[in-house]
Amino acid sequence: SQQGEEDPQALSIQEGENATMNCSYKTSINNLQWYRQNSGRGLVHLILIRSNEREKHSGRLRVTLDTSKKSSSLLITASRAADTASYFCATDGTGANNLFFGTGTRLTVIP
Amino acid sequence: EAEVAQSPRYKITEKSQAVAFWCDPISGHATLYWYRQILGQGPELLVQFQDESVVDDSQLPKDRFSAERLKGVDSTLKIQPAELGDSAMYLCASSPGTDDTIYFGEGSWLTVV
């Protein structure tokens, strides 16, 4: 399976702290995407990193990709209560533009 | 900002009844996806369309599920008959093409009683 696996499954931090989530996957990819999902809502796209990229930034988000280790990390800096959500990594398969999701990391930011 | 539209947002149906979900992708997006997300899990692909053609429906339970995208724009996902285990959120998504960001709708919650 190409499914990504997020770690940890759940993370609880204080507002203002940084949150780091990790993702491991099994097969070669074209790109890896991170999504956020608020409870009961759809998925919101956060960032896409391609297989030839090592790091990408978007606002308070920093994503790294290590294709040799088949792993990625998502760092949220200066977290806010509004960042409370589930975060999923999703990998594609080379030659296919669909996504394989893990079970997500449930982030709780305490005000 | 353009969005993927889905309806209904919530649906409660009795076991063995038929249910249908509708999706209107972002204008100009050739690729459309239906995913199913069971509570506490990540989404899983049911079917992928490229324009009006099915690209991948290997995970679609074809004995009871069907999907169509007749004019290559909006799409309908049907379940007949519904079973208790079909209770989940059904997510529609679209993408401009290959190797691109995939955008999701708000999802349709199905509860089968």
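Residues numbered from 1 in each chain as written. Chains lettered and ligands numbered in written order. Predicted model: local features only at pLDDT ≥ 70, side-chain atom pairs only at ≥ 80, totals over all residues. Heavy atoms only, no water.

### So, the sheet that holds strand E8 (residues 71–76) of chain A
Across a sheet, paired strands are connected by hydrogen bonds in the backbone, their directions being either parallel or antiparallel. All names here are of chain A. An order of E1-E3-E8-E7-E6 is seen for the five strands of this open sheet, with the pairing classed as antiparallel. The outermost strands of the open sheet, each flanked by one partner alone, are strand E1 (5–7) and strand E6 (55–58). Strand after strand, the sheet turns through a mean of 20° between neighbouring axes, direction not considered. Where E1 and strand E3 (residues 19–24) come together, three bridges link them in antiparallel fashion. In the sheet register, Glu-5 faces E3, and the bridge partner there is Ser-24. (Pairing = 2+ DSSP bridges. Helix = DSSP H or I, 4+ residues; strand = E, 2+ residues; numbered from the N terminus. Axes fitted to C-alpha atoms, helices over the stretch in contact; angles between N-to-C directions.)

### Re the interface of chain B and chain A
Of the residues lining the interface, 24 residues belong to chain B; the matching set on chain A comes to 20 residues. Carbon and sulfur atoms make up 46% of the surface buried where chain B meets chain A, a total of about 1,600 Å² over both sides. Remark: the boundary between chain B and chain A carries one salt bridge. In this structure, the connection of chain B to chain A is made through seven residue pairs in polar contact (both at pLDDT 80 or more). A breakdown of the residues in the side of chain B that touches chain A according to their chemical character gives nine nonpolar, 10 polar and five charged. (Contact = heavy atoms within 4.5 Å. Buried area = accessible area lost by both parts, 1.4 Å probe. Salt bridge = Lys/Arg side-chain N within 4 Å of Asp/Glu carboxyl O. Polar contact = N/O pair within 3.5 Å; in protein donor to acceptor, adjacent residues only side chain to side chain. Nonpolar A, V, L, I, M, F, W, Y, C, P; charged D, E, K, R; others polar.)

### Let's talk about the pattern of salt bridges
All names here are of chain A. Counted under the stated rule, the structure contains nine salt bridges over all chains. Where Arg-60 meets Asp-83, a salt bridge forms, and the shortest distance between an N and an O atom there is 2.9 Å. With a gap of 23 residues between them, Arg-60 in the loop between E6 and strand E7 (61–66) and Asp-83 in the loop between E8 and strand E9 (85–93) connect regions that are remote in the sequence. Of the residues examined, Arg-60 reaches a relative accessible area of 23% and is grouped as partly exposed. (Buried < 20%, exposed > 50% of the residue type's maximum accessible area, 1.4 Å probe, protein only.)

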